[in-house]
Amino acid sequence: QVQLVESGGGLVQAGGSLRLSCAASGSISSINVMDWYRQAPGKERELVGAITSGGITNYADSVKGRFTTSRDNAKNMVYLEMNSLKPEDTAVYYCHYYTYLSGSRYSYWGQGTQVTVSS
């Protein structure tokens, strides 16, 4: 089992920045992906950005150039730096972890943290 705890959400004006953190604990595989999803009101949950244990990243087109995800493997922490925030970035942001062991996928979610961007 892996536990994930997000922090850093809050209120920010359009154009501002926030830094989200996710702390992972438990039975963490050395090879894994930690990623960020968000769910806005009335919308499906969508992938925002992901980073592998090797540092390979990918991002949703809507946040490329504005958001950066990074990780500290020694601390089992992942971060999402959000810049040039827009009202459409308003959502609950979730930290997610997954790995593959013997061909099976293991996936865990954090509880979410609210990000609200005002215009």
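For the structure itself, consult the block above.
Read on for a plain summary of the structure. (Residues numbered from 1 in each chain as written. Predicted model: local features only at pLDDT ≥ 70, side-chain atom pairs only at ≥ 80, totals over all residues. Heavy atoms only, no water.)

**As for the environment of threonine 99**
Right, so step 1: Inspection of the secondary structure assignment puts threonine 99 in strand β9 (residues 91-101).
Right, so step 2: Contact partners of threonine 99, with chain neighbours within four places excluded, come to Ser29, Ile31, Asn32, Ser104, Arg105 and Tyr106. (Helix = DSSP H or I, 4+ residues; strand = E, 2+ residues; numbered from the N terminus. Contact = heavy atoms within 4.5 Å.)

**Re the pairing of strand β4 (residues 33-39)**
Right, so step 1: Burial within β4 is extensive, with six of its seven residues counted as buried.
Right, so step 2: Where β4 hands over to strand β5 (residues 46-52), the hairpin turn is made up of six residues, of which glycine 42 adopts a positive phi near 75°.
Right, so step 3: Relative to β9, β4 runs antiparallel, the two being bridged by seven bridges. Bridging from a neighbouring strand, tyrosine 37 pairs with tyrosine 94 of β9. (Buried < 20%, exposed > 50% of the residue type's maximum accessible area, 1.4 Å probe, protein only. Pairing = 2+ DSSP bridges.)

**Regarding the pattern of salt bridges**
Right, so step 1: All told, the structure shown has five salt bridges when counted by the stated rule.
Right, so step 2: Glutamate 81 is the salt-bridge partner of arginine 19, the closest N and O atoms lying 2.7 Å from each other. In this pair, arginine 19 is assigned in strand β3 (residues 18-26) and glutamate 81 in strand β8 (residues 77-82), connecting sequence segments 62 residues apart.
Right, so step 3: Given the relative accessible area of 32%, glutamate 81 is considered partly exposed. (Salt bridge = Lys/Arg side-chain N within 4 Å of Asp/Glu carboxyl O.)

**A look at the sheet that holds β3**
Right, so step 1: Spatial strand order, β1-β3-β8-β7: four strands in an open sheet with antiparallel pairing. Each end of this open sheet is capped by a strand with a single partner; those strands are β1 (2-7) and β7 (67-72). For this sheet the average axis-to-axis angle between neighbouring strands, irrespective of direction, equals 15°. (Axes fitted to C-alpha atoms, helices over the stretch in contact; angles between N-to-C directions.)

**Things to note about the environment of glutamine 13**
Right, so step 1: As for its placement among the helices and strands, glutamine 13 is situated in strand β2 (residues 10-13).
Right, so step 2: Between the C-alpha atom of glutamine 13 and that of serine 118, which follows or precedes it by 105 residues, the distance is 4.7 Å.
Right, so step 3: Setting aside its immediate chain neighbours within four residues, glutamine 13 contacts Val117 and Ser118.

**Looking at the nonpolar core**
Right, so step 1: Membership of the largest hydrophobic core comes to 26 residues, with the highest contact counts inside it found for Leu4, Met34, Trp36, Phe67, Leu80, Met82 and Tyr93.
Right, so step 2: Those elements giving two or more residues to this core turn out to be β1, β3, β4, β5, β8, β9 and β11 (113-118).
Right, so step 3: Beyond its immediate stretch of four places on either side in the chain, leucine 4 contacts Cys22, Ala23, Ala24, Met34, Cys95, His96, Tyr97, Tyr108, Trp109, Gly110 and Gln111. (Core = buried A, V, L, I, M, F, W, Y, C linked by side-chain atoms within 4.5 Å.)

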